[in-house]
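So the chains spell out like this:
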There are 2 protein chains.
Amino acid sequence: MTNVAIYGVGLIGASFGLALRQAGFTGEIAGVSSPRSIEAGLARGAIDRALSFEEAASRADLIFLAQPISGIIEALHRLAPIASPHALITDAGSTKRAICEAASSLTGATFLGGHPMAGKESRGAESADPDLFRHRPWVLTATPNHPVAEAFRHWIARIGAREIILDAATHDRLVAWSSHLPQLTSTALAATLHELAPNASAVAGPGLLDSTRLALSSFDLWRDILATNRDEIDRALEALIERLQRMRANPEPDFATGADFARKLRTPTAS
Amino acid sequence: MTNVAIYGVGLIGASFGLALRQAGFTGEIAGVSSPRSIEAGLARGAIDRALSFEEAASRADLIFLAQPISGIIEALHRLAPIASPHALITDAGSTKRAICEAASSLTGATFLGGHPMAGKESRGAESADPDLFRHRPWVLTATPNHPVAEAFRHWIARIGAREIILDAATHDRLVAWSSHLPQLTSTALAATLHELAPNASAVAGPGLLDSTRLALSSFDLWRDILATNRDEIDRALEALIERLQRMRANPEPDFATGADFARKLRTPTAS
């Protein structure tokens with residue numbers, strides 16, 4: 001792995017470039033992105049140079065797709081006829097089934113679905129952080145027997161991330177619960193208060209701040225995620241609605257199980 | 001206001017004692033509580049001495065009830081025949097209608113409902129903090145024309161809290177939305193994950209931590225709150241459920257209104 005091309009030099013793409021450099025990667029890191037993002041990525045030292053879509057496709061042995069999901073899917077279709085047959089293409093998309101499905105059209109290059117579970121409230125290469133992935137899960141959808149895939153997994157470990165192998169369907173089911181349901185719940189709570197009890201903010205405590213932090217997110221970031229994980233998200237929403245209905249009659253039992261889950265979530269595991 | 005009696009020397013009661021002292025109060029601060037809480041309150045300097053329920057009732061000109069709601073209601077009934085007629089009785093209960101109703105049986109002493117909106121995850125006088133109320137709302141249900149009430153409001157300002165006047169019904173309606181609904185939502189989310197997707201914690205990010213922090217709360221702390229604000233909480237739960245149902249079909253519009261509420265909540269106001 002000597003030539004890396006980062007498609008989409010935003011927060012995740014630029015942080016990956018910085019993380020590779022910090023971990024000792026000495027190969028080339030090229031960026032394929034908008035002029036504004038290229039400029040920011042070069043200024044931060046996250047990329048060495050800009051390449052066109054086609055130049056990067058033929059030159060890179062690791063192609064890292066860090067656009068929004070719809071951009072990743074579009075890029076996979078464009079890469080299919082032109083990517084180097086020896087290349088590994090991987091991605092950072094927040095859902096995996098639609099992306100892995102799109103990648104099935106690849107004939108030459110090998111695809112490995114990925115999801116580094118890291119982020120922050122600010123966006124863009126300007127906010128990039130070489131430690132963004134440290135101690136965070138990095139989901140991979142497979143462990144292909146491929147020299148660049150082995151090197152890539154080595155670098156994931158070197159930048160401090162925690163590799164987790166999950167097939168695309170399992171990934172999408174788990175993140176529907178761990179990420180998409182909390183997002184929609186926070187948005188629903190904040191939107192309901194906005195409409196029915198805007199004055200409640202006068203008596204708000206830290207709990208309401210915690211509960212509405214995710215609601216700050218923009219739909220732009222969620223459009224593709226919700227569109228590509230609709231079935232799993234709907235199952236999770238339905239289960240939460242049923243639970244809330246039951247709690248209207250009898251909230252007590254859920255406090256013990258809820259506290260149990262919340263405590264375990266905060267308990268470091270051996271993994 | 002020279003003799004304060006704190007009934008219930010837990011986190012809130014002991015923090016009030018420490019806050020008064022830090023703000024320059026030089027009168028006596030007595031505690032009425034369990035032997036263990038009295039010991040901890042004395043050790044922290046939150047109270048000067050222990051008194052029996054009856055001794056404190058006849059001696060204090062400010063009676064501060066900081067037990068759980070059911071303890072406050074029971075204390076009000078016991079205080080009715082014995083409290084000094086010149087005393088002001090106030091409280092720190094998290095709901096106000098049931099407490100104000102119980103206080104209507106008082107004939108001599110004057111009652112002023114209160115709710116200092118502060119707390120922390122740890123409990124007991126051991127966790128008391130003289131700055132617990134700083135910059136936090138302190139709801140009062142009225143502004144009685146009473147010398148001790150005027151002094152008490154002066155001390156609320158001196159300890160850094162932000163006085164908000166709300167009648168009991170308005171208070172209970174607003175906290176149903178700002179506090180009780182977020183609690184039940186967090187508990188429901190955590191309990192649902194516990195039952196249907198315990199493995200989701202393997203791919204959890206900071207969003208799930210935020211969303212399940214309130215779920216750590218024990219039902220012990222919530223039993224009385226839920227029992228004394230059932231109607232308002234049920235209305236809020238019903239509205240949230242309706243919103244979640246609508247979001248299953250079309251989540252987009254709620255992102256803008258939710259983000260708007262969440263941003264305003266984080267914007268300091270002139271008040």
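Before any of the text, the structure's been laid out above.
Residues numbered from 1 in each chain as written. Chains lettered and ligands numbered in written order. Predicted model: local features only at pLDDT ≥ 70, side-chain atom pairs only at ≥ 80, totals over all residues. Heavy atoms only, no water.

## Topic: the overall build of chain A
- Within chain A, the secondary structure is distributed over 11 helices and nine strands.
- Against the compact-globule benchmark of 18 Å for 271 residues, chain A has a radius of gyration of 20 Å, which places it among compact chains.
- Counting the 271 residues in chain A, one finds 58% classified as buried.
- Look at the contacts in chain A between residues 6 or more apart in sequence, and 70% of them connect residues 24 or more apart.
- As presented, chain A carries roughly 10,700 Å² of accessible surface, and 52% of it is formed by carbon and sulfur atoms.
- Averaged over its 26 positive side-chain charges, chain A has a centre that lies 4 Å from the centre of its 29 negative ones. (Helix = DSSP H or I, 4+ residues; strand = E, 2+ residues; numbered from the N terminus. Rg over C-alpha atoms; globule rule 2.2 N^0.38 Å. Buried < 20%, exposed > 50% of the residue type's maximum accessible area, 1.4 Å probe, protein only. Contact = heavy atoms within 4.5 Å. Areas by Shrake-Rupley, 256 points an atom, 1.4 Å probe, with all protein chains shown as cover. Lys, Arg positive; Asp, Glu negative; His and termini not counted. Charge placed at Lys NZ, Arg CZ, Asp CG, Glu CD.)

## Side note on the pattern of salt bridges
- A full pass over the atoms with the stated rule returns 38 salt bridges over all chains.
- For Arg153(B), the salt bridge identified is with Glu163(B), shortest N-O distance 2.7 Å. Within this pair, whereas Arg153(B) is found in helix H6 (residues 147-158), its partner Glu163(B) is found in strand E9 (residues 162-165), the two being separated by 10 residues in sequence.
- Judged by relative accessible area, which is 25%, Arg153(B) ranks as partly exposed.
- Sharing partners across several salt bridges, the network here consists of Asp210(A), Arg213(A), Asp210(B) and Arg213(B). (Salt bridge = Lys/Arg side-chain N within 4 Å of Asp/Glu carboxyl O.)

## Focus: the relation of the copies chain A and chain B
- With an axial shift of 0.0 Å and an RMSD of 0.1 Å, the rotation relating chain A to chain B amounts to 180 degrees. With respect to symmetry, the two chain copies, as superposed, fit the operation of a two-fold axis.
- Both copies contact each other with a shared surface, as 100% of the interface residues of chain A are interface residues in chain B too. (Least-squares fit on C-alpha atoms with pLDDT ≥ 70 in both.)

## So, the sheet that holds strand E5 (residues 88-91) of chain B
All names here are of chain B.
- Pairing is parallel across the open sheet formed by six strands, whose spatial order is E3-E2-E1-E4-E5-E6. Across the chains shown, the open sheet's two edge strands, defined by having one partner strand only, are strand E3 (49-50) and strand E6 (110-112).
- Both strand E2 (residues 28-32) and E3 contribute to a ladder of two bridges, which runs parallel. Across the sheet, glycine 31 pairs through a bridge with alanine 50, a residue of E3.
- Packed on one face of the sheet, H6 meets strand E4 (62-65), E5 and E6 and runs near 40 degrees to E5. (Pairing = 2+ DSSP bridges. Axes fitted to C-alpha atoms, helices over the stretch in contact; angles between N-to-C directions.)

## A few points about the pairing of strand E9 (residues 162-165) of chain A
All names here are of chain A.
- By the bridge criterion, four bridges tie strand E8 (residues 137-140) to E9 in an arrangement that is parallel. Within E9, the position partnered with valine 139 by the bridge is isoleucine 164.
- In this view, the connection linking E8 to its parallel neighbour E9 by way of helix H6 (residues 147-158) has right-handed handedness. (Right-handed = clockwise from strand over helix to strand, strands pointing away.)

## Some words on helix H9 (residues 219-228) of chain B
- Buried within H9(B) are the following residues: Phe219(B), Trp222(B), Asp224(B), Ile225(B), Leu226(B) and Thr228(B).
- Against helix H11 (252-265) of chain A together with helix H4 (69-79), helix H5 (97-103), helix H7 (168-196) and helix H10 (230-249) of chain B lie the buried residues of H9(B).

## Brief notes about empty space enclosed by the protein
- All told, the structure shown has one cavity of 30 Å³ or more when counted by the stated rule.
- The space that makes up the largest cavity amounts to roughly 90 Å³.
- If you go around the largest cavity, the residues you meet are Pro182(A), Thr185(A), Ser186(A), Leu189(A), Ser211(A), Pro182(B), Thr185(B), Ser186(B), Leu189(B) and Ser211(B).
- Elements with a minimum of two residues in the lining of the largest cavity: helix H7 (168-196) of chain A together with H7 of chain B.
- Classifying every residue of the lining of the largest cavity by side-chain character gives four nonpolar, six polar and no charged. (1 Å grid on protein atoms, 1.4 Å probe; cavity = no way out; pocket = protein on both sides within 12 Å on 5 of 7 lines; lining within 4 Å. Points joined across faces, edges and corners; volume = space filled by probe spheres on them. Nonpolar A, V, L, I, M, F, W, Y, C, P; charged D, E, K, R; others polar.)

## Thoughts on the packing of aromatic side chains
All names here are of chain A.
- Using the criterion set out here, one finds 18 aromatic pairs over all chains in the structure.
- Taken together, a centroid distance of 6.1 Å and an interplanar angle of 70 degrees make the contact between phenylalanine 16 and phenylalanine 152 edge-to-face. Remark: phenylalanine 152 occurs in helix H6 and phenylalanine 16 occurs in helix H1 (residues 11-22); sequence separation between them is 136 residues.
- Its relative accessible area of 0% is what places phenylalanine 16 among the buried residues.
- When its relative accessible area of 0% is taken as the criterion, phenylalanine 152 is described as buried.
- Considering the side-chain rings of phenylalanine 25 and tryptophan 155, the 5.5 Å spacing of their centres and the 90 degrees angle between planes classify their relative orientation as edge-to-face. One end of the pair, phenylalanine 25, is in the loop between H1 and strand E2 (28-32); the other, tryptophan 155, is in helix H6, with 130 residues separating them in the sequence.
- The class of phenylalanine 25 is buried, set by a relative accessible area of 4%. (Phe/Tyr/Trp six-rings, centres within 6.5 Å; stacked < 30°, edge-to-face > 60°.)

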